Each structure stands twice: as C-alpha cells, then as structure tokens.
Amino acid sequence: MKRVLITGGAGFIGSHFTRLLVKEGIYTVVLDKLTYAGNLLNLKDLESYENFVFVKGDIADREKVEEIVKEYKIKAIVNFAAETHVDRSILNPEPFYETNIKGTIVLLEVAKKYGLRLLQVSTDEVYGPVLTGYADENYPLNPTSPYSSSKAAADLIALSYFKTFGVDVVITRSSNNFGPNQYPEKFIPVIILSLMEKQKIPVYGNGRQKRDWIYVRDNAIAIREVLFKGRSGEIYNIAGNKEIENIELVNKVIKIYENLTGEEWLSTLIAFVKDRPAHDIRYALSTDKIEKEIGFKPTYPFDIALSETVKWYLDNLDWINTIKTRDFEEYYRKNYGER
Ligand code: NAD
Ligand code: TYD
C-alpha cells in the first residue's frame, strides 16, 4: 500500500496528512479541485519531493480518477475532498451533495474496479447532537445540517459497497480539528483573525455549545494508522478528548493571543450573535475502539497545540493574504449582524 491517492490534499487536514506520508517515503498523489478551501501553499514545502505529485481535478470526474490510478499504480485512496463548512451548507446545500455524495460514489466505483482500499474521512457530526455520554461507532446517525447529512449519506453508501461488493472500505469519524492552515471560516481561525484585525468575534447563541477538539497532526497520525491497520468495513472514531464550551474556548484563545502579543482588553471584541439554525449543542465521541484495536491515542497537549496554532497565524500573513475569498464576511453581516 505504498502508493496512495489523497483527494482533497490541498485543504486543511489533507495537507497535513499528505506531509506525513510524503516524509515517510510513501508515493503520494494529491487530487484536488482547488475550491476556495484548497490552497497550493499548504503543499509548497513538498514540491521538491520525488515521491509527491499534484493533480488538479474533481473527484466526481471518473475518467481523471481512473487515469491517475492507472498511471501511478495507486493501491489506496484516502478521501478528504469535501465541502466542509456547516454554515455554507445552510446557505447553499447543493455543492455539498454533489461533492460529498456523488464524488464519493465515483471513488467507490474506482476502488471496486481496481481492487483498492478506500479510506473515507468522515466526521462526528453524522451522529448529531450527543446530549449525554459519548457516541461510539454504533451510535444512531442523526445529522442535522446539509453538511452532516451529506457525510452520513456517503458513509452509508461506502459501507454498502463493502457489504455488497466487498470493496475494502474503512471510515474514520473525527471530532473538530484545529491547527495551522485551517481556512478562516471555521471557529478557531475566525477567532484568531478577528483578534488580528480587531473585528468582533461572532459567538453563536449563548456560546454554551460543546465541541471536542483534536490537533490536526494527531488526526493525521490516527488516519495513517487506520489506513494501514484498520479492518475492512469498520468505522473508527477519532477525538482529542478535549471537550470545551465555545465561549471558554474563545476566552482561552484571547488569553494566548494577549500573552503572545502583549495586547490587552481583547475580550471586549466578543459579540454574541444570532444562533446557527439547528446548531448541535454537543459532540462527544467514545474512542475505545481505536485505542484498543489500533493503539492510537492523541499526543499533543491541547493548550500547547492551541498556542502553536495562534502563533502560526501571527507568523503567516503571506498565507492569510492568499485566501481566495472573504465572501464569508458578507455572510456574517447578513446573518449574524455587523462584526
Ligand atoms: P477543507 O475544506 O479545508 O479542504 C477540502 C479540500 O477538498 C480542499 O482542498 C478543496 O479544494 C478540496 N475539494 C473540494 N471539493 C472537491 C472535489 N469535488 N474534488 C476534489 N477536491 C475537492 O476541509 P478539511 O477541514 O481539511 O476536511 C477534510 C475532510 O475531513 C472532509 O471530508 C471533512 O468532512 C472531514 N472532517 C473535517 C473536520 C474538521 O474539523 N475540519 C472534522 C472531521 C472531519
Ligand atoms: P465550526 O468551526 O463551524 O465547526 P462545526 O460546526 O463543524 O463544529 O464551529 C465550531 C463551533 O463554534 C460550533 O458550535 C459553531 C461555533 N461558531 C461560532 O460560535 N461562531 C463562528 O463564527 C463559527 C464559525 C462557529
């Protein structure tokens, strides 16, 4: 399995995963459509590696996917390619169903034809709100947004390809990722960029919603472990085991930012805004299965990883300047009031 196709590898998690594999000497081909979320700067340091190839294209383009599989003798596909932001899915659901469902079906068909392993990168959001306790891999699916319903649909289709056709499918469902290179529509980079630009930090509703956060480098390691050791037809939850309320997270990031920059009184930027429709109150995963079967546990301490992340944005203005669109600013103004 030393020749891997990584779809969506120019995005946030995909680029960290690609770096991990390339540096381990695995022959790695990235296929990415370079939507607003894809950024070649995320892969720039890998350009000189002989075992790294980038191809621009759509996972829904079956011909292109087959061409790559044949030309590079691919043995496994890891599918990160997706439309990924809940708020965008509320604004305009269709691209989510196109890429996240139809695109995944193309990859499954190709995996079936060429006998490949397909690792489908999924999310804890497919379980919907977990009011108490922790969702294990058998927890009922209850997606509440077009984004999460598209991911749940793709998971079920992938499992049906395993059951019906024996395709070697394996699924990871991780909690919220954070770290360098995350597009600033997701919460942690929204907080950091708001602080950098002295804009309001939009906190949806009362800010008491809870998320579990995993550092992106830990998730990349977990996905690699599942790729090589995961059993066919199985789902593996991945989490950082760091559950925190949104408002507490905002306060933590502000403290880190103030310590790094010497600035003060930044909590005055916090603005409670209109809540997201069908906002899931809590996500929480049981990770017993991946710990017992694969031996994976996250290793990066949350506070240190969060501080590294804030520092990365402060140090990478060039990257921030390459962000293709700030159309989300418009969305905030329309939906959540002036920032
Ligand atoms: P991202 O939005 O940063 O990147 C997505 C990448 O996919 C981009 O490079 C984009 O150009 C590419 N892409 C989109 N449509 C494509 C298409 N049709 N063909 C080829 N490439 C296409 O996303 P991310 O946050 O890195 O998430 C990656 C995967 O992990 C997604 O499947 C997401 O559902 C899942 N996930 C993300 C999180 C999180 O917290 N970010 C948590 C759990 C699971
Ligand atoms: P987000 O990063 O969009 O991830 P997800 O919705 O997939 O968990 O949001 C994380 C949490 O932060 C979620 O509860 C929504 C909230 N949030 C805000 O309060 N304000 C914001 O500007 C954003 C983007 C998110």
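Structure: see above.
Residues numbered from 1 in each chain as written. Chains lettered and ligands numbered in written order. Predicted model: local features only at pLDDT ≥ 70, side-chain atom pairs only at ≥ 80, totals over all residues. Heavy atoms only, no water.

Chemist: I tried to follow a negative patch on the surface on my own but got confused; where do I start?
Modeler: There is a patch of like negative charges on the surface, built from Asp 61, Glu 63, Glu 67 and Glu 71. By the element assignment, Glu 71 lies in helix 2 (residues 62-71). (Patch = residues over 30% accessible without salt bridge, like charges linked within 9 Å, V, L, I, M, F, W, Y side chains within 5 Å. Areas by Shrake-Rupley, 256 points an atom, 1.4 Å probe, with all protein chains shown as cover. Salt bridge = Lys/Arg side-chain N within 4 Å of Asp/Glu carboxyl O. Lys, Arg positive; Asp, Glu negative; His and termini not counted. Charge placed at Lys NZ, Arg CZ, Asp CG, Glu CD. Helix = DSSP H or I, 4+ residues; strand = E, 2+ residues; numbered from the N terminus.)

Chemist: Could you clarify how one ought to interpret the site of ligand 1 in this entry?
Modeler: The immediate surroundings of ligand 1 are formed by 28 residues, with Ile 13, Asp 32, Thr 84, Tyr 147 and Lys 151 found nearest. Contact between ligand 1 and Phe 12: an oxygen atom at 3.0 Å from a main-chain N or O atom of the residue. Here an oxygen atom of ligand 1 and a backbone polar atom of Leu 34 are 3.4 Å apart. With the chains in place, 97% of the 840 Å² that ligand 1 exposes on its own is no longer accessible. A total of three residues in the shell around ligand 1 trace back to one element, the largest contributor, which is strand 5 (residues 117-123). (Near = heavy atom within 4 Å. Polar contact = N/O pair within 3.5 Å; in protein donor to acceptor, adjacent residues only side chain to side chain.)

Chemist: Please clarify how the sheet that holds strand 9 (residues 210-215) should be interpreted in this entry.
Modeler: Strand pairing in a sheet relies on backbone hydrogen bonds, with the paired strands running either antiparallel or parallel. Spatially, the three strands line up as an open sheet ordered 7-9-11, and their pairing is mixed. Each end of this open sheet is capped by a strand with a single partner; those strands are strand 7 (176-178) and strand 11 (243-245). Strand-to-strand twist across the sheet, computed as the mean angle between neighbouring axes with direction ignored, equals 50 degrees. With three bridges joining them, strand 7 and strand 9 adopt parallel strand pairing. Of the residues in strand 9, the one forming a bridge with Asn 176 is Trp 213. Taken strand by strand, helix 7 (residues 216-229) contacts strand 7 and strand 9, and its axis lies near 75 degrees from that of strand 9. Helix 8 (residues 246-261) rests against strand 9 and strand 11 of the sheet, and its axis sits at about 90 degrees to strand 11. (Pairing = 2+ DSSP bridges. Axes fitted to C-alpha atoms, helices over the stretch in contact; angles between N-to-C directions. Contact = heavy atoms within 4.5 Å.)

Chemist: What exactly am I supposed to notice about the side chain of Asp 124 here?
Modeler: Here Asp 124 lies in the loop between strand 5 and helix 5 (146-165). With sequence-adjacent residues up to four places away left out, Asp 124 is seen in contact with Arg 173, Ser 174, Ser 175, Asn 176, Tyr 283 and Leu 285.

Chemist: Looking at this model, I keep getting lost on helix 2. Mind explaining?
Modeler: Three- or four-residue spacings in an α-helix give side chains the same orientation, since the helix completes a turn every 3.6 residues. The set of residues buried in helix 2 consists of Val 65, Glu 66, Ile 68 and Val 69. Taken down its axis, helix 2 places every buried residue within 160 degrees of arc, on the same side. The outward face of helix 2, more than 90 degrees from its buried face, is lined by the exposed residues Glu 63, Lys 70 and Glu 71. Where helix 2 is buried, its residues contact strand 1 (3-7), strand 2 (27-32), strand 3 (52-56) and helix 4 (94-114). Phi turns positive one or two residues past the end of helix 2, at Lys 73, with a value near 50 degrees. (Buried < 20%, exposed > 50% of the residue type's maximum accessible area, 1.4 Å probe, protein only. Arc of directions from axis to C-beta.)

Chemist: Hey, could you run me through the site of ligand 2 in this one?
Modeler: The environment of ligand 2 is made up of 17 residues, and the closest members are Glu 125, Pro 202, Arg 211, Arg 276 and His 279. A distance of 2.9 Å is found between an oxygen atom of ligand 2 and a side-chain nitrogen or oxygen belonging to Asn 176. At a separation of 2.5 Å, an oxygen atom of ligand 2 approaches a polar side-chain atom of Arg 276. A total of 500 Å² of accessible area belongs to ligand 2 in isolation, and the protein chains cover 97% of it. Put simply, the parts of the chain that give the shell around ligand 2 at least two residues each are helix 6 (187-197) and strand 8 (201-204). If one sorts the elements of the shell around ligand 2 by residue count, strand 8 sits on top with three residues. Residues of the shell around ligand 2, tallied by class, amount to eight nonpolar, four polar and five charged. (Nonpolar A, V, L, I, M, F, W, Y, C, P; charged D, E, K, R; others polar.)

Chemist: Any chance you could explain the nonpolar core here in plain terms?
Modeler: Side chains of nonpolar character tend, in soluble globular proteins, to be buried together. Residues Leu 5, Val 29, Val 65, Ile 68 and Ile 74 are the most contacted members of the largest nonpolar core, which totals 36 residues. Sorting the residues of this core by element identifies strand 2, strand 3, helix 2, helix 4, helix 5 and strand 6 (168-174) as the ones contributing at least two each. With five residues, helix 4 is the largest single contributor of residues to this core. The residues contacting Val 65, other than those within four sequence positions of it, are Leu 5, Leu 31, Asp 58, Ile 59, Val 106, Leu 107 and Val 110. (Core = buried A, V, L, I, M, F, W, Y, C linked by side-chain atoms within 4.5 Å.)

Chemist: What's the story with the environment of Met 196 in this structure? I'm lost.
Modeler: With respect to the helices and strands, Met 196 occurs in helix 6. Placed 30 residues apart in sequence, Met 196 and Val 226 show a C-alpha to C-alpha distance of 37 Å.

Chemist: I tried to follow the sheet that holds strand 1 on my own but got confused; where do I start?
Modeler: Taken together, the seven strands give an open sheet; going across it, the order is 3-2-1-4-5-6-10, and neighbouring strands pair in parallel fashion. Each of the sheet's edge strands pairs with one partner strand only, and the pair in question is strand 3 and strand 10 (235-238). Neighbour-to-neighbour, the strand axes of this sheet turn through a mean angle of 20 degrees, independent of strand direction. Where strand 1 and strand 2 come together, five bridges link them in parallel fashion. Bridge assignment links Val 4 to a residue of strand 2, and that residue is Thr 28. Along the sheet, helix 2 makes contact with strand 1, strand 2 and strand 3, crossing strand 2 at roughly 170 degrees.

Keep in mind that these numbers describe shape and distance, not what the molecule does.
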